[in-house]
Amino acid sequence: MEKSCSLLVHFDKGTPAIANEIKEALEGNDMPAKIDAMMKAIMLLLNGETLPQLFITIIRYVLPSEDHTIQKLLLLYLEIIEKTDAKGRVLPEMILICQNLRNNLQHPNEYIRGVTLRFLCRLKETEIIEPLIPSVLQNLEHRHPFIRRNAILAVMSIYKLPQGEQILGDAPDMIEKVLLTEQDQSAKRNAFLMLFNCAQDRAINYLLTHIERVSEWGDMLQMVVLELIRKVCRTNRGEKGKYIKIIISLLNVPSTAVIYECAGTLVSLSSAPTAIRAAANTYCQLLLSQSDNNVKLIVLDRLNELKSSHRDILVDLIMDVLRALSSPNLDIRRKTLDIVLDLITPRNINEVVLTLKKEVVKTQSGELEKNGEYRQMLIQAIHSCAIKFPEVASTVVHLLMDFLGDSNVGSAVDVIVFVREIIETNPKLRVSIITRLLDTFYQIRAARVCTCALWIIGEYCLSLSEVGSGIATIKQCLGELPFYSVSEEEEATESSKKDNQVNSITLSSKRPAILADGTYATQSAASETTFSPPTLVQGSLTSGNLRTLLLTGDFFLGAVVACTLTKLLLRLEEVQQSKVEVNKESTRALLIMVSMLQLGQSSVLPHPIDNDSYDRIVLCIRLLCNTGDEIRKIWLQSCRQSFVQMLSEKQLQETQEIKAKAQISHAQPDDLIDFYHLKSRKGMSQLELEDAVQDDLKRATGEFVKDGDDANKLSRILQLTGFSDPVYAEAYVTVHHYDIVLDVTVINRTKETLQNLCLELATMGDLKLVERPQNYTLAPESSKQIKANIKVSSTETGVIFGNIVYETSNVHERTVVVLNDIHIDIMDYISPAVCGDVAFRTMWAEFEWENKVAVNTVIQDEKDFLDHIIKSTNMKCLTAPSALDGECGFLAANLYAKSVFGEDALVNVSIEKQADGKLSGYIRIRSKTQGIALSLGDKITLKQKGGS
Amino acid sequence: MIQEAPGSIFFVTLKHSVKLFVLYWNKVVLAASIVSKTGKVLVSRQFVDMTRIRIEGLLAAFPKLVGTGKQHTYVETENVRYVYQPVEALYLLLVTNKQSNILEDLDTLRLLSKLVPEYAYSLDEEGICKTAFELIFAFDEVISLGHKENVTVAQIKQYCEMESHEEKLHKMVMQSKINETKDVMKRKASEIDKSKIEKGRVDKGGFMSLQSMGSGRIESSFSDMSISDGGSGGFGSSSGFGLSTDIESFSSKSKGRPPSSATAPPKGLGMQLGKSQKTNQFLESLKAEGEVILEDVQPKAGQSRSAALPLTDPITLTVEEKLNVMLKRDGGVSNFDLQGTLLLQILNQEDGHIQVQIETGGNPGILFKTHPNMNKELFSNENILGLKDPNRPFPTGQTGDAAGVGLLKWRMQSTDESIVPLTINCWPSVSGNDTYVSIEYEASSMFDLRSVVISVPLPALREAPNVRQIDGEWRYDSRNSILEWSILLIDHSNRSGSMEFVVPAADSSVFFPISVQFSATNTFSDLKVLNIIPLKGGSPPKYAQRTQLITDNYQVV
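Attention here is on the structure that accompanies the text. (Residues numbered from 1 in each chain as written. Chains lettered and ligands numbered in written order. Predicted model: local features only at pLDDT ≥ 70, side-chain atom pairs only at ≥ 80, totals over all residues. Heavy atoms only, no water.)

A word on the pattern of salt bridges
- A complete count under the given rule lists 49 salt bridges over all chains for this structure.
- A salt bridge links Lys898(A) to Asp904(A); its shortest N-O distance comes to 3.6 Å.
- Looking at Asp904(A), the relative accessible area reads 13%, which means it is buried.
- With its nearest N and O atoms 3.7 Å apart, the salt bridge here joins Glu126(B) to Lys130(B). In this pair, Glu126(B) and Lys130(B) are both assigned in helix α3 (residues 125–130), four residues apart and thus about one turn of the helix distant.
- Connected through salt bridges with shared partners, the residues Glu79(A), Arg122(A), Arg45(B) and Asp140(B) form a single ionic network. (Salt bridge = Lys/Arg side-chain N within 4 Å of Asp/Glu carboxyl O. Buried < 20%, exposed > 50% of the residue type's maximum accessible area, 1.4 Å probe, protein only. Helix = DSSP H or I, 4+ residues; strand = E, 2+ residues; numbered from the N terminus.)

As structure tokens, this is what we get:
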């Protein structure tokens with residue numbers, strides 16, 4: 001059992017204080033110097049020095065001091081010094097402090113009494129406390145509430161000690177009497193708390209006899225009352241009837257903390273709809289009345305919990321929850337929307353969508369900086385509403401289409417994706433959407449939105465007039481041909497020098513990116529982020545968006561334009577009777593395509609057309625010159641089919657996820673049942689076992705020790721020295737969250753006594769030894785268990801090395817045995833996690849460390865290799881399994897994991913099957929810190945060979 | 001566990017059985033800390049027991065968890081919640097568990113954030129380090145054992161300054177006493193001087209040495225006393241000064257208070273608290289949903305005596321009889337068993353030497369048995385209960401939860417139907433799709449019965465049964481399918497009563513066993529305490545007597 005630590009103070013190692021100096025200052029009469037020395041002594045103690053020689057000095061020279069600060073520092077000193085010997089017995093010299101404590105407890109200064117009583121709360125040695133008990137009890141009746149408050153707490157702490165019931169058996173009686181007469185709020189709370197902890201029946205009785213007045217009690221006391229009710233009802237469910245009324249009466253008190261607590265208690269006690277509704281109402285009220293963001297977020301968390309267990313009740317409150325959108329904080333809005341989206345039913349969908357629409361309109365007027373992001377959130381919310389309830393789509397789709405020209409690319413992309421889905425799923429809306437889209441197409445500014453919009457136009461313009469206006473719109477947006485004139489060319493070459501500078505900046509900042517399908521690519525120069533250089537835009541302001549984008553060198557868009565035109569023309573052939581008209585349009589389209597190619601090969605633009613786009617445009621040209629039924633089928637039907645397939649797959653995936661979620665909550669009929677009381681109860685008393693909620697506190701203070709499988713334990717033993725070394729050592733390494741514990745067994749293999757044997761450890765990486773090594777004496781052929789704690793502060797592979805140093809009686813040199821290195825595995829710190837596609841890609845772009853590992857493996861199958869990497873790195877594959885299906889010889893996937901310290905680890909696997917059957921490619925690891933990238937890379941290099 | 005680490009501050013081995021030190025409450029602040037933005041821990045005060053490695057780990061993880069650009073100031077991890085506030089280049093943070101009440105924690109944090117500038121020179125690392133201990137003292141005043149105290153900044157400053165009026169007063173008194181004694185000493189010294197001079201005339205040599213010796217001794221005894229135990233020393237008694245009067249006033253208050261204020265059970269009407277229309281509706285709907293709501297919440301009879309009321313009478317005698325009765329459903333008694341006890345409880349040791357004079361009602365069916373330690377002859381001859389050894393006192397104090405020491409036990413068994421205090425008649429009859437059940441009770445005239453509850457099991461129903469007629473009140477517990485018929489008091493005005501209700505057709509055996517609860521203030525034995533005889537002389541001490549008849553298991557089968 002390790003000692004607990006009650007305070008930490010930063011200690012500057014640069015100026016080490018010497019024990020002698022401290023001693024001198026303590027002996028002197030200069031008060032400030034004495035105080036200073038006392039502080040230094042405490043800091044040294046906190047840093048692991050023991051300073052045994054100071055104790056007597058302090059007893060002699062500091063104890064009698066009248067100064068209050070000295071007395072308080074003295075108490076701190078006493079709090080942290082070692083009061084017991086190795087066997088747990090109280091050191092005899094501790095008796096010396098008893099007298100002083102007793103004087104302090106009878107001190108005329110009420111504050112000295114108070115702080116001394118508070119100190120007693122932290123004292124655990126019965127031998128020291130016992131003589132002080134009469135003085136403590138006297139203080140229960142002191143005039144000053146400050147003393148009474150602390151005296152009651154001291155009594156509680158003493159009573160709770162292992163022998164407390166023997167030395168202070170009548171404490172509950174006394175405290176009960178105190179409680180009856182006490183007027184001070186805080187003291188009353190403490191007294192009730194004491195009864196609650198030590199004599200629960202009495203606390204209940206007090207509560208029940210004063211039941212009418214509970215609502216008038218102070219908020220602190222009410223909190224304890226609620227806690228008591230919870231505890232009683234947990235152990236004895238039948239009793240809750242008595243208490244529900246108290247809770248209800250407390251729901252109307254002024255203190256919000258109490259109200260919040262009440263709601264929590266109500267939920268934990270009852271599952272009756274009225275109770276849940278009351279609790280949910282309370283939460284909603286808090287949500288609206290509290291201006292603090294923290295409170296709002298946590299209340300939303302509570303509502304979220306309620307939602308999962310009592311969805312039907314929260315459905316009625318959906319509009320109340322929605323009102324939280326008025327907060328300007330994005331996190332709150334996001335959480336609110338998340339909750340609301342789960343609560344939508346056919347009955348409230350219209351109301352909800354109406355509110356969301358209002359919010360969307362609001363974002364247009366206000367000039368808040370986060371409006372764009374918020375709008376994106378709202379659009380996504382509306383999108384998912386519309387998927388669940390297709391009938392609302394018609395009411396929102398037109399409103400949303402106003403945002404196609406939004407300067408926030410994200411929300412515009414969301415809108416167009418939404419439109420694309422709706423136009424397929426709601427055939428009734430097709431005509432109106434197409435008309436609208438063609439009308440607003442010229443407003444679209446972003447290339448990504450343009451491409452998607454063009455696809456919709458190409459795919460869903462069916463009638464003659466639609467096709468006609470589709471072609472017209474594209475032409476209009478492209479402007480007059482050609483894209484550049486020869487005279488311009490010369491000017492342009494000059495100006496392009498300037499552009500080169502501009503572009504070179506954008507180019508240099510350009511980095512490889514992860515595409516949506518998980519492939520790793522270098523994006524073609526002009527993504528939507530690099531907007532048109534101003535010199536080339538002259539004249540294009542009138543001509544439209546497509547032209548502007550093309551002139552910035554976005555030839556991918558050019559390829560999409562070409563395809564769309566081709567598609568429209570193929571359709572035109574079907575709907576237009578007059579061959580002449582078709583041919584006319586066809587030649588115009590060919591002209592456009594050719595102009596684009598010309599532009600791509602000219603020197604006007606800083607860089608020429610890329611090969612992919614070139615090929616595609618050329619393909620379109622060929623196609624238009626020579627159409628056939630086969631081709632027509634591919635272009636006009638297959639595209640749509642694969643889109644439909646994609647949508648259905650998405651839906652399938654969602655339903656599967658929901659199913660998976662639903663399955664998690666149910667136990668299998670043949671599952672093992674965990675009996676709580678039979679579980680590991682290491683270091684827990686019976687009383688605490690009964691109280692499951694206290695686990696929370698235990699986890700927080702780190703007291704929970706998981707009892708691992710013993711067999712597992714054996715596999716983690718590391719041999720540190722050889723069998724023939726004079727000292728044999730092996731270690732068992734336990735990795736907790738923030739620390740590593742080494743249990744080292746040291747065996748003396750010689751026939752001699754080893755003296756001053758010391759296990760010296762050193763660390764590499766982000767590891768820190770917590771304590772100094774100790775010296776031991778080891779008898780011949782005996783063994784010794786040594787424990788060492790190492791603190792970890794970030795995720796990376798650490799190495800611990802060290803040696804064992806000892807002396808023997810005849811040789812006076814110290815002998816050194818060097819130990820094997822202990823490698824701390826990074827896998828203990830990372831766990832699979834999930835993050836969204838977009839989030840992954842932004843992180844990928846942001847993170848500074850990349851580690852590129854070439855694939856070198858004996859595994860022949862791409863899929864097997866990926867599985868192997870996932871298994872050995874303990875990461876989660878974000879790429880959907882369906883995307884990994886099939887035998888194409890390529891594979892690209894994204895993996896993600898998070899460390900216990902909250903760091904992200906991103907991995908991209910891109911592999912290709914070579915002609916000789918071997919796999920080649922790269923695994924790239926990115927992270928914010930160097931440690932993860934390096935360690936994970938090492939790990940993968942080590943494991944990727946596979947085979948075993 | 002390592003046993004060889006006496007010097008290390010991190011390792012302690014507790015050999016004896018380790019009971020985890022108190023976990024007072026589920027909702028606590030684990031620690032209040034100040035860390036720099038770079039993650040350096042400047043000051044941290046823990047309020048519950050946790051190891052150093054744990055708190056350092058938690059605080060080291062914190063800066064990594066704090067995101068930028070967030071508008072809220074809390075972070076949750078798997079196990080803990082950090083609530084923080086940036087203060088210039090520092091973070092002031094509370095580490096709490098996740099159950100903790102966020103509203104309260106924010107209050108605490110706000111208070112701390114006001115305190116830090118009060119005590120720190122400057123809000124940077126240096127300033128905090130310099131005033132680390134002052135900050136720790138201030139933190140201690142805000143949070144005690146993990147719980148927030150209701151204090152203001154001004155109060156905390158006052159607490160930390162520790163300016164005490166009483167101490168000044170105490171010092172003045174001390175000073176004046178010292179001065180006084182010094183005067184006395186001087187006077188004495190001069191007297192000695194004089195006598196020495198007188199003597200010195202005879203013998204001039206030894207005088208100087210004697211004087212210095214005498215005065216020196218007195219001085220040293222002063223300093224001894226002021227340092228050592230203030231309570232026992234002659235001057236030190238003034239530490240009780242101001243205190244002794246308090247104790248007086250407290251004790252007189254508790255004596256002066258009529259005991260009834262604490263002992264009186266809540267009014268018969270039960271809880272009145274804010275019984276607005278709304279609350280009532282709320283309760284009704286809860287009940288309708290099957291929650292058990294007790295309208296009359298009274299402390300349990302058994303417990304309250306021992307626990308709720310601090311006994312004010314020095315001696316308490318309790319007569320209690322428990323009834324175990326099985327009535328047959330078509331009349332007759334299958335079992336009637338009565339067990340009675342006389343309990344004695346004495347508060348103070350000095351009242352232990354007594355004997356108790358009792359009177360029994362002369363019921364021939366009752367056999368008395370005394371405690372083995374009792375003087376049997378004295379009892380059989382004079383009806384006096386006393387210990388065999390008259391020099392031994394009765395045990396005192398509130399031992400355990402039993403209400404004192406048992407002196408006497410008695411038992412009565414019978415099959416005589418006439419002595420049964422309450423008989424129940426239940427007639428279920430099926431008519432069409434319904435079963436009509438009529439129940440009537442008949443109480444014997446011997447007793448006035450209080451809080452009678454007759455619980456009739458019903459077939460599982462979705463709705464409450466249709467009660468057509470009732471004397472008293474009824475309540476339906478849908479969870480357990482029990483109809484409870486309660487009558488507050490049965491006395492001569494209502495020795496018999498009935499109720500009738502209708503349920504869907506059911507077998508008549510469903511309605512049995514009917515169980516009954518009641519209490520009464522007179523007993524079968526009619527045992528009375530006449531007097532308390534003090535053995536050590538003096539006036540008979542005050543005593544209180546309680547008599548009660550309660551049901552233990554009273555059923556109609």
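So much for the structure itself; the text now carries on.
Observations regarding the sheet that holds strand β10 (residues 354–359) of chain B
All names here are of chain B.
- The strand order across the open sheet built from three strands is β12-β10-β22, with neighbouring strands paired in antiparallel fashion. Edge positions in the open sheet fall to β12 (384–385) and β22 (528–534), since each of these has one partner strand only.
- As judged from the two bridges shared by β10 and β12, these two strands associate in the antiparallel manner. From the neighbouring strand, Val356 faces β12, where its bridge partner is Leu385. (Pairing = 2+ DSSP bridges.)

Overview of unusual backbone geometry
- Of note, the amide linkage connecting Phe512(B) to Pro513(B) takes the cis form, showing an omega dihedral of 0°.
- Along the chain, the position of Pro513(B) falls in the loop between β20 (496–504) and β21 (514–520).
- Here the phi dihedral of Asn756(A) falls at roughly 50°; this positive angle occurs in a residue that is not glycine.
- Tracing the sequence through the fold places Asn756(A) in strand β7 (residues 754–764).
- What makes Asn756(A) partly exposed here is its relative accessible area of 31%.
- Even without glycine at this site, Asn874(A) takes up a positive phi of about 60°.
- Look at Asn874(A) and you get partly exposed, because its relative accessible area is 28%.

Quick look at the sheet that holds strand β11 (residues 367–370) of chain B
Residues and elements named next belong to chain B.
- The mixed open sheet is built from nine strands, whose spatial order is β11-β13-β9-β8-β23-β21-β16-β19-β18. Looking at the sheet topology across the chains shown, the edges are occupied by β11 and β18 (473–477). For this sheet the average axis-to-axis angle between neighbouring strands, irrespective of direction, equals 15°.
- Note: β18 against strand β19 (residues 482–490), five bridges, orientation antiparallel. Within the sheet, the bridge partner assigned to Arg475 lies in β19 and is Glu484. (Axes fitted to C-alpha atoms, helices over the stretch in contact; angles between N-to-C directions.)

Regarding the pairing of strand β18 (residues 904–913) of chain A
Residues and elements named next belong to chain A.
- Within β18, eight of the ten residues are buried, which leaves the element mostly enclosed by the surrounding structure.
- Examined bridge by bridge, strand β17 (residues 890–899) and β18 share nine bridges and lie antiparallel to one another. Bridge assignment links Ala892 to a residue of β18, and that residue is Ser910.
- A loop of four residues connects β17 with β18, the two strands running antiparallel in sequence, and Gly902 in this loop sits at a positive phi of about 80°.
- Sheet topology note: the β18/strand β19 (residues 919–927) ladder contains nine bridges and is antiparallel. In the strand pairing of β19, Lys913 is matched with Leu919.

Considering the pairing of β10(B)
- Relative to β22(B), β10(B) runs antiparallel, the two sharing six bridges. Across the sheet, the residue bridging to Gln357(B) is Asn531(B), located in β22(B).

Quick look at helix α2 (residues 102–119) of chain B
Residues and elements named next belong to chain B.
- In this model, α2 (18 residues) spans 26 Å end to end at C-alpha, consistent with the 26 Å of a helix rising 1.5 Å per residue.
- Where burial is concerned, most of α2 is hidden: 13 out of the 18 residues are buried.
- With a side-chain oxygen positioned 3.1 Å from the backbone nitrogen of Leu103, the residue opening α2 is Asn101. (Expected span 1.5 Å × (residues − 1). Polar contact = N/O pair within 3.5 Å; in protein donor to acceptor, adjacent residues only side chain to side chain.)

Some thoughts on the packing of α2(B) against helix α5 (residues 153–161) of chain B
Residues and elements named next belong to chain B.
- Closest axis-to-axis distance for the α2/α5 pair is 10 Å, and the angle between their directions is 50°. The orientation of α2 relative to α5 falls into the category oblique. Of the two elements, α2 crosses α5, and the hand of that crossing is right-handed. Only Val153, Ile156, Lys157 and Cys160 of α5 make contact with α2, whose side of the interface consists of Leu111, Lys114, Leu115, Glu118 and Tyr119. (Parallel < 35°, antiparallel > 145°, perpendicular 65-115°, else oblique. Left-handed = near helix turned anticlockwise from the far one by under 90°. Contact = heavy atoms within 4.5 Å.)

What to know about the packing of helix α1 (residues 19–27) of chain A against helix α3 (residues 52–62) of chain A
All names here are of chain A.
- At their nearest, the axes of α1 and α3 sit 9 Å apart, and the two run at 10° to each other. It follows from the interaxial angle that α1 and α3 lie roughly parallel. For the crossing formed where α1 meets α3, the hand is left-handed. The segment α1 lies against α3, with Ala19, Ile22, Lys23, Leu26 and Glu27 engaging Gln53, Leu54, Thr57, Ile58, Tyr61 and Val62.
- Taken together, the residues that form the contact of α1 with α3 break down as seven nonpolar, two polar and two charged. (Nonpolar A, V, L, I, M, F, W, Y, C, P; charged D, E, K, R; others polar.)

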